[in-house]
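Examining the three-dimensional arrangement
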Amino acid sequence: MSGNVDGEKTKLNSKRTDQQVTGTPGGEGDSEVETTATPEARQQASREYKEKFQKFKKESEAVVDGEPIPLGHRQMVKKYFELIRPSSSDLEAKPAATVPAEKK
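Reading the values: rules and limits
- Residues numbered from 1 in each chain as written.
- Predicted model: local features only at pLDDT ≥ 70, side-chain atom pairs only at ≥ 80, totals over all residues.
- Heavy atoms only, no water.
- Helix = DSSP H or I, 4+ residues; strand = E, 2+ residues; numbered from the N terminus.
- Buried < 20%, exposed > 50% of the residue type's maximum accessible area, 1.4 Å probe, protein only.
- Areas by Shrake-Rupley, 256 points an atom, 1.4 Å probe, with all protein chains shown as cover.
- Phe/Tyr/Trp six-rings, centres within 6.5 Å; stacked < 30°, edge-to-face > 60°.

Quick word on the overall build of the protein
- Each helix and strand in the protein was counted, giving 3 helices and 0 strands.
- Secondary structure of the protein in N-to-C order comes out as α-α-α.
- Within the span of the protein, comprising 104 residues, buried residues form 4% of the whole.
- Per element, the accessible surface of the protein, about 10,600 Å² overall, is 52% carbon and sulfur.

Thoughts on the packing of aromatic side chains
- Under the defined criterion, the tally for this structure stands at 2 aromatic pairs.
- Ring centres of Tyr49 and Phe53 lie 6.5 Å apart, and the angle between their planes is 20°; this geometry places the pair in the stacked category. Placement of the pair is Tyr49 and Phe53 together in helix H1 (residues 39-66), with a separation of 4 residues, close to one helical turn.
- Relative to Phe81, the ring of Tyr80 has its centre 5.2 Å away and its plane inclined at 75°; by these criteria the two rings are edge-to-face.

Quick word on the environment of Phe81
- Turning to its location among the elements, Phe81 is positioned in helix H2 (residues 71-84).
- Considered as a pair, Phe81 and Val64 are 17 residues apart in the sequence and their alpha carbons are 9.7 Å apart.

Following this line, the structure appears as structure tokens:
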């Protein structure tokens, strides 16, 4: 809230005019383009994710294999890690938000 709940309403005495802007799309003139995401950057992120995943997968398996886990719990722990492991389709999935290709 603005805090002015008991006072006078704001007066909107503006004059609005509609203007039609004409021009030639693709014509000459200065233009500015800002690239926020590229397919290469998404691929780089995907590769880095896969590398990190493989590293931590090896580390977690080494810990599970090296820990003195009681035999009755060993199968349950293995099953847990198998269930939370991303599938190959998860690793290759495209990001949810994609940026449309720019027009040049």
